[in-house]
Amino acid sequence: MDAISVKKLNYVHSGGHVPALLDINFGSAAGSRTLLIGANGAGKSTLLQILAGKKLVNSSDTEIHVKGKDVFRDTPDGITYLGTEWAMNPVVRGDIRVSIFLDSVGGYRHKERRDRLLDILDIDLDWRMHQISDGERRRVQLCFGLMVPWDILLLDEVTVDLDVLVRDDLLKFLKSDSETRGSTIIYATHIFDGLNDFPTHVVHMHLGSLVTPPSSWPVLPGSPLNIIFPPYTPLYSVALQWLKEDREKRRNLERINGKTRGARQQQDVPSDSETFYKKCVFAY
């Protein structure tokens, strides 16, 4: 049985018309580490939030099972979701010492694992949450989220604020934890340096669809990805090619629909600063 199974997933954001996810079907085996690759707006974050049970899908045709249970009606234990929005929560920006904060969320019950993460993430227990940097606050978030053993870990860009050394140490910990306990990771990121040895599978998403469903990594002779890429092509090169292809497809679609991005050559631009400021309306 797959640790995660998704069938016929379609999703439109509230008030929207264009599908954010379109006919998503895939499975992730227990112990796998799947990397989601796609441009901004590809649907990666939406997919992770649905798998975590944070967004509700109303379609009766959709089947989403995590650890063999319906993620909406019978949400299983052991799912951990970590996204970027946590660091903006006013609660975690208050005047509280890190040691007290971690104890308040049960750190004392997982002391051995918590202490290991404190070392890996290089956290000072005397930091005060309102005084530390975004990167340091992100480290505290990761310690808070990972100190309780997880079966399914859903990561959405949470390493973006980390320096290279801490990020590398964290990825080694996550890989070892997954291999040791047979736990499953799905990770969406735009930073591919140092990730070549991390995933067991890669997924290519574009405009809400799976262009390439979970495919084994690395690229080995005779593997599905070997049809497109030479054996042992670096992850960065694979991601770069996919994103270039996605951009060209998107631009072609926008041309058909009469839309453009970037600079507009015929845009009416004021000729001097006085004209510019007269045209602007500032709301207070």
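Keep in mind it's a predicted model, so treat the numbers as computed, not measured. (Residues numbered from 1 in each chain as written. Predicted model: local features only at pLDDT ≥ 70, side-chain atom pairs only at ≥ 80, totals over all residues. Heavy atoms only, no water.)

(A) Examining the overall build of the protein more closely. When helices and strands are counted, the protein shows seven helices and 10 strands. Viewed in the frame of its principal axes, the protein has a C-alpha envelope of about 65 × 55 × 40 Å. The proportion of buried residues among the 284 residues of the protein is 42%. Sequence-distant contacts in the protein: of pairs separated by 6 or more residues, those separated by 24 or more amount to 65%. Only carbon and sulfur atoms are counted for the fraction: they give 51% of the accessible area of the protein, which is about 15700 Å². Separation of charge centres in the protein, based on 35 positive and 36 negative side chains, amounts to 4 Å. (Helix = DSSP H or I, 4+ residues; strand = E, 2+ residues; numbered from the N terminus. Buried < 20%, exposed > 50% of the residue type's maximum accessible area, 1.4 Å probe, protein only. Contact = heavy atoms within 4.5 Å. Areas by Shrake-Rupley, 256 points an atom, 1.4 Å probe, with all protein chains shown as cover. Lys, Arg positive; Asp, Glu negative; His and termini not counted. Charge placed at Lys NZ, Arg CZ, Asp CG, Glu CD.)

(B) Structural context of the domain arrangement of the protein. You can read the domains of the protein as domain 1 (1-78 + 150-169 + 177-263) and domain 2 (86-149). Computed from C-alpha atoms alone, the centre-to-centre distance between domain 1 and domain 2 is 27 Å. Residue-level contacts link 11 residues of domain 1 with 12 residues of domain 2. Carbon and sulfur atoms supply 59% of the area that domain 1 and domain 2 bury against each other, a total of about 990 Å² over both sides. Along the contact surface separating domain 1 from domain 2 lie three salt bridges. Measuring nitrogen to oxygen at the nearest pair gives 3.0 Å for the salt bridge that ties Arg139 to Asp163. (Domains from an automatic or database assignment. Buried area = accessible area lost by both parts, 1.4 Å probe. Salt bridge = Lys/Arg side-chain N within 4 Å of Asp/Glu carboxyl O.)

(C) Looking closely at the packing of aromatic side chains. For the structure on display, the rule yields three aromatic pairs. Ring centres of Tyr187 and Phe198 lie 6.1 Å apart, and the angle between their planes is 80°; this geometry places the pair in the edge-to-face category. With a gap of 11 residues between them, Tyr187 in strand E8 (residues 184-188) and Phe198 in the loop between E8 and strand E9 (201-206) connect regions that are remote in the sequence. Seen from their ring centres, Phe229 and Trp242 are 5.9 Å apart, and the 70° between their planes marks the pair as edge-to-face. (Phe/Tyr/Trp six-rings, centres within 6.5 Å; stacked < 30°, edge-to-face > 60°.)

(D) Structural context of the pairing of strand E4 (residues 63-66). The two faces of E4 differ: Ile64 and Val66 on one face are buried, but Glu63 and His65 on the other face are not. Sheet analysis places strand E1 (residues 4-11) next to E4, joined by four bridges and oriented antiparallel. Bridge assignment links Lys7 to a residue of E4, and that residue is Glu63. Sheet analysis places E4 next to strand E5 (residues 69-70), joined by two bridges and oriented antiparallel. Within the sheet, the bridge partner assigned to His65 lies in E5 and is Asp70. (Pairing = 2+ DSSP bridges.)

(E) Geometry of helix H5 (residues 164-181). With 18 residues, H5 extends 26 Å between its outermost C-alpha atoms, agreeing within 8% with the 26 Å of an ideal straight helix rising 1.5 Å per residue. Within the span of H5, buried status applies to Val166, Arg167, Leu170, Leu171, Phe173, Leu174, Asp177 and Ser178. Buried positions in H5, seen along its axis, are confined to an arc of 160° and lie on one side of it. In this structure, H5 carries Val164, Leu165, Lys172, Glu179 and Thr180 as exposed residues pointing more than 90 degrees from its buried face. Elements that come into contact with the buried residues of H5 comprise strand E3 (33-37), helix H3 (111-120), helix H4 (134-146), strand E7 (152-156) and E8. (Expected span 1.5 Å × (residues − 1). Arc of directions from axis to C-beta.)

(F) Seen up close, the side chain of Glu254. When you line up the elements, Glu254 lands in helix H6 (residues 235-256). Ignoring sequence-local partners within four residues, the contact set of Glu254 consists of Lys259 and Arg261.

(G) Representation of the nonpolar core in the model. With 45 residues, the main nonpolar core has Val140, Leu146 and Leu174 as its most contacted residues. Of all the elements in the fold, those that place two or more residues in this core are E3, helix H2 (98-104), H3, H4, E7, H5, E8 and H6. The element contributing the most residues to this core is H5, with five residues. Formed jointly, this core draws a minimum of three residues from each of two domains, domain 1 (1-78 + 150-169 + 177-263) and domain 2 (86-149). (Core = buried A, V, L, I, M, F, W, Y, C linked by side-chain atoms within 4.5 Å.)

(H) Layout of the side chain of Thr34. Note that Thr34 resides in strand E3. By relative accessible area, Thr34 is classed as buried at 3%. Dropping the residues within four chain positions of it, Thr34 is found in contact with Ser28, Ile185, Ile186, Tyr187, His201 and Val203.

(I) Quick peek at unusual backbone geometry. With an omega dihedral of 5°, the bond running from Trp217 to Pro218 counts as a cis peptide bond. Unlike most non-glycine residues, Leu207 shows phi in positive territory, near 50°. One can find Leu207 in the loop between E9 and strand E10 (209-216).

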